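Here's the letter readout for the chains.
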Amino acid sequence: MVVPILTPRIKRRTVGLVDGLGDDIPPLLKRLYAARGVETAAAVDYRLARLAPHTSLGGIDAAADLLADTLEAQRPILIVGDFDTDGATSSALAVRALRALGAAEVGYLVPNRFEYGYGLTPEIAALAIAREPALVVTVDNGIANHAGVAALRERGIDVLVTDHHLPGETLPNANVIVNPNVPGDAFPSKALAGVGVMFYVLIALRGRLRERGWFAGRGMAEPALADWLDLVALGTVADMVPLDDNNRILVEQGLRRMRAGRCTAGIAALAQVGGRELARLTPADLGFAIAPRLNAAGRLDDMSVGIECLLTDDADRALALAAQLDALNRERREIEAGMRAEALALTEPLIAGMDGARAAGLCLFEESWHQGVIGLVAGRVKDHAHRPVVAFARADEATLKGSARSVPGLNIRDVLAAVDAHRPGLLQKFGGHAMAAGLTLAAADLDAFAAAFDAEVRRALGGEEPVKQVLTDGELTPDELTLEVAELLRSAGPWGQGFPEPLFDGEFGIAATRVVGERHLRLRVRVSDVAPPLDAIAFNIDESAITGCERIRLVYRPDVNVWRGESRLQLVVEHLEPILARRP
């Protein structure tokens, strides 16, 4: 077991008095909601009617007109997606909905990561041109693809860019751009995922078609776009965008449909192969069981497999495709395990300062690393070292592809932009979010980039050493350590990025321990001498971490463990510290 370099500081969230939550919300939830900035009951009212209006999203009217004109002329549409779960769900949503709205011909094209890289590149534009569409719609990409957009426009092909990534200094010359993060856009939720942007475009399109008499003239029933909120929820959670008020509505509504069995056959199949019960799905299940299996297709093979899984309505075919994705995911885990061990070995001397000053930003590279897995490795090392990390793999003999992950409080895309500003030409291209980004670099420039990246991270941090904190919601009383409270917390979300699932901390006596699955520690702990012991599980924790201890401090979340039809309270341990050594 690798011992974390930084021992986390346990810090409790501060909670002020909030009077606007009403009397219907239990006191514990009031405390948790208040700590997350919720001041009124409306903020946890997840009815679809509370979604931010689509009319406030920039470019939405022009997008609706362009799409409606294309449908009325019965011209072919091509969706160009991305090779992650947000891109796959965006592509599936666009294809499904446009077909249901009456489009004559809708196809999709998703880049192979290893041949073409990310987004609407000139190479992908050439493939699109060969398909002879009248309109290309990008989903979850396009805002940085000036050359690809220009190539399409030169051939007389209309382009609608729908994206959520941060734009550069200039925008591509598309017919229409819909992106809440374009400067000056008035849409209140800047955190929409790519699939959320596409959902809003479809809402606007349906309204425009209704105005034009499209449905009445053809005797068509208007499709219920909410039926595909399962796709929106999956893509939103998987892309780890902040769950602001608007995104929580989208996610909660999608989860409700999944739990009721009203989801696409592909999501149902992916839940099945992932060992998850539809009726009890949580955002964590989407993020840790379903999304990784979809992502595995884009990481190791071709995301078309994942998109086809989300497009089919045949349950047997969906299950066969889900099994194929599950096999890819097992292969991905094996590759990742080896790369992670190598990356952590590279990290130790950088953090310890063996070769000079302790690194503030980490750049890691091994010749054998797999390009599709470096993002996962960067995330693992970031969690371990609590520093921003860029992991690189070789794209070809002269070029490296990098995947960056950041820590709270440090915008990684801004750091890359600063590197680009201070060292023009060093980065061939880059783009992304505050917490995750990608870049391309000449292999010969790796050392220069590592130095520039470390310098910009130091500048962004003001010279301060990164501090790893575990934020908790304080203690639960013995009376609150119950199955009923665990069920209450499970249903009180959706929890996720920017709206974190509640964590609590407290001291416990150790009643019993045993290792399960070789790497996990199952405990029986006592909150007091008179209370019955509670079940707890700590993943990837060696038993030696508490050898000789009779008391421990835990950071945990109460969870519901269902085994053979019986539900029991279980504490899922996120962090533990020994308190008192045993007496000799």
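Here is a short report on the structure shown in this document. (Residues numbered from 1 in each chain as written. Predicted model: local features only at pLDDT ≥ 70, side-chain atom pairs only at ≥ 80, totals over all residues. Heavy atoms only, no water.)

## So, the packing of aromatic side chains
Piece 1. Here the structure, examined in full by the defined rule, presents 8 aromatic pairs.
Piece 2. Judged by centre distance (5.0 Å) and plane angle (80°), the rings of Phe-187 and Tyr-200 are edge-to-face. One end of the pair, Phe-187, is in the loop between strand E6 (176–178) and helix H6 (194–211); the other, Tyr-200, is in helix H6, with 13 residues separating them in the sequence.
Piece 3. A relative accessible area of 1% places Phe-187 in the buried class. (Phe/Tyr/Trp six-rings, centres within 6.5 Å; stacked < 30°, edge-to-face > 60°. Helix = DSSP H or I, 4+ residues; strand = E, 2+ residues; numbered from the N terminus. Buried < 20%, exposed > 50% of the residue type's maximum accessible area, 1.4 Å probe, protein only.)

## Quick notes on the nonpolar core
General note: in soluble globular proteins, nonpolar side chains tend to be found buried as a group.
Piece 1. The biggest cluster of nonpolar side chains holds 142 residues, and the ones touching the most others in it are Tyr-33, Ile-79, Leu-98 and Leu-160.
Piece 2. Counting residues per element, this core draws most heavily on H6, at 11 residues.
Piece 3. Apart from the residues within four sequence positions on either side, Tyr-33 is in contact with Leu-21, Ile-25, Val-38, Val-44, Ala-492, Trp-495 and Phe-499. (Core = buried A, V, L, I, M, F, W, Y, C linked by side-chain atoms within 4.5 Å. Contact = heavy atoms within 4.5 Å.)

## Overview of the packing of helix H3 (residues 85–100) against helix H12 (residues 304–311)
Piece 1. Two numbers describe how H3 lies on H12: the axes approach to 9 Å, and their chain directions differ by 45°. When the interaxial angle is binned, H3 and H12 end up oblique. Helix-helix and strand crossings are classified by hand; for H3 and H12 the assignment is right-handed. In contact with Ala-88, Thr-89, Ser-91, Ala-92, Val-95 and Arg-96 of H3, H12 contributes Ile-307, Leu-310 and Leu-311.
Piece 2. In the contact of H3 with H12, the residues fall into 6 nonpolar, 2 polar and 1 charged. (Axes fitted to C-alpha atoms, helices over the stretch in contact; angles between N-to-C directions. Parallel < 35°, antiparallel > 145°, perpendicular 65-115°, else oblique. Left-handed = near helix turned anticlockwise from the far one by under 90°. Nonpolar A, V, L, I, M, F, W, Y, C, P; charged D, E, K, R; others polar.)

## Remarks on helix H16 (residues 446–460)
Piece 1. Compared with an ideal rise of 1.5 Å per residue, which puts 15 residues at 21 Å, H16 spans 21 Å between its outermost C-alpha atoms and is within 8% of the ideal.
Piece 2. For H16, the full list of buried residues reads Leu-446, Phe-449, Ala-452, Phe-453, Asp-454, Glu-456 and Val-457.
Piece 3. Those residues of H16 that are buried are in contact with strand E7 (362–365), strand E8 (389–396), strand E9 (399–405), helix H15 (412–422), strand E10 (427–432) and strand E11 (436–442).
Piece 4. Directly after H16, the chain includes Gly-462, whose backbone phi takes a positive value near 65°. (Expected span 1.5 Å × (residues − 1).)

## Notes on the pairing of strand E12 (residues 469–472)
Piece 1. Going residue by residue along E12, you find Val-470 and Thr-472 tucked away on one face and Gln-469 and Leu-471 left uncovered on the opposite face.
Piece 2. Sheet topology note: the strand E1 (residues 9–12)/E12 ladder contains 4 bridges and is parallel. Along E12, the bridge assignment pairs Ile-10 with Val-470. (Pairing = 2+ DSSP bridges.)

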